Amino acid sequence: KYFYAVCRGTVQEFRETPGGHEITDNILIPGDVLCADEIIRLHSHHLHNARAVDDAVLLEISVSWIKSI
């Protein structure tokens, strides 16, 4: 339903393996976006997890708003 733009700080994007380990897929910095590739795919859930590495500020953008433009 949403994707996110990193406005400030650093965000770690990761996923879990079937064995329960975490794999870092990306480190995001201001100007990067999170979940943007999921907009064009028909998934009902997020494929990755994310956590703020430091004091981060994200802008939440509605996919339905983008599609209505």
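Notes on the structure follow. Nothing here was measured: the structure is a model prediction, and the numbers come from that model.

**Considerations on the pattern of salt bridges**
Throughout the structure, instances matching the rule amount to three salt bridges. Between Asp55 and Arg8 there is a salt bridge; the shortest N-O distance is 3.3 Å. Placement of Asp55 in the loop between strand E5 (49-52) and strand E6 (57-62) and of Arg8 in strand E1 (residues 2-8) is noted, with a sequence separation of 47 residues between them.

**Observations concerning the packing of aromatic side chains**
By the definition in use, this model includes zero aromatic pairs. Over the ring of Phe14 we find Arg51; its NZ or CZ atom is 4.2 Å from the centre of that ring.

**Digging into the sheet that holds E6**
In space, the three strands of this open sheet follow the order E4-E1-E6, with antiparallel pairing throughout. Both outer strands of the open sheet, strand E4 (33-34) and E6, are each paired with one neighbouring strand and no more. Looking at chain direction, E1 and E6 are connected through six bridges and run antiparallel. In the strand pairing of E6, Ala5 is matched with Leu59.

**Quick notes on the sheet that holds E5**
Strand order across the open sheet formed by three strands is E3-E2-E5, with antiparallel pairing between neighbours. The strands lining the two open edges of the sheet, one partner per strand, are strand E3 (22-28) and E5. Neighbour to neighbour, the strand axes of the sheet diverge by 30° on average, direction disregarded. Examined bridge by bridge, strand E2 (residues 11-16) and E3 share six bridges and lie antiparallel to one another. Bridge assignment links Phe14 to a residue of E3, and that residue is Thr24.

**Concerning the nonpolar core**
The tendency in soluble globular proteins is for nonpolar side chains to be buried as a group. Residues Phe3, Tyr4, Ala5, Val6, Val11, Leu28, Leu34, Cys35, Ile61 and Val63 constitute the largest nonpolar core, which totals 10 residues. The dominant element in this core, judged by the number of residues it contributes, is E1, at four residues. For Leu34, the residues in contact, after removing those within four places along its chain, are Phe3, Tyr4, Glu13, Leu28 and Ala50.

Reading the values: rules and limits
- Per chain, residues are indexed from 1 in the order of the written sequence.
- With pLDDT at 70 or above as the cut-off, local features in this predicted model cover only qualifying residues; side-chain atom pairs require 80 or more to be listed or tallied, and sums for whole chains, interfaces and linings still use all residues.
- Heavy atoms throughout the structure, all of them, feed into the side-chain values; hydrogens and water do not.
- Any carboxyl oxygen of Asp or Glu that lies within 4 Å of a side-chain nitrogen of Lys or Arg is treated as forming a salt bridge with it.
- Think of it this way: any DSSP run of H or I at least four residues long counts as a helix, any run of E at least two long counts as a strand, and we number them from the N terminus.
- Think of it this way: a Phe, Tyr or Trp ring, Trp meaning its six-membered ring, pairs with another when their centres are within 6.5 Å, and the plane angle makes it stacked under 30 degrees, edge-to-face over 60, tilted otherwise.
- Two conditions define a charge located above a ring, namely a distance within 6 Å from the ring centre to NZ of Lys or CZ of Arg, and an angle within 35 degrees of the ring normal.
- Pairing between strands is defined by DSSP: at least two bridges between them are needed.
- Where helices are involved, their axes are fitted lines through C-alpha atoms of the stretch in contact, as for all axes, and angles between N-to-C directions lie from 0 to 180°.
- Nine residue types can take part in a nonpolar core, namely buried Ala, Val, Leu, Ile, Met, Phe, Trp, Tyr and Cys, and a core is a set of them joined through side-chain atoms within 4.5 Å.
- Buried means the residue's accessible area, taken with a 1.4 Å probe over protein chains only, is under 20% of the maximum for its type, while exposed means over 50%, and partly exposed covers the values in between.
- Note on contacts: a residue pair is in contact if any heavy atoms of the two residues lie within 4.5 Å.

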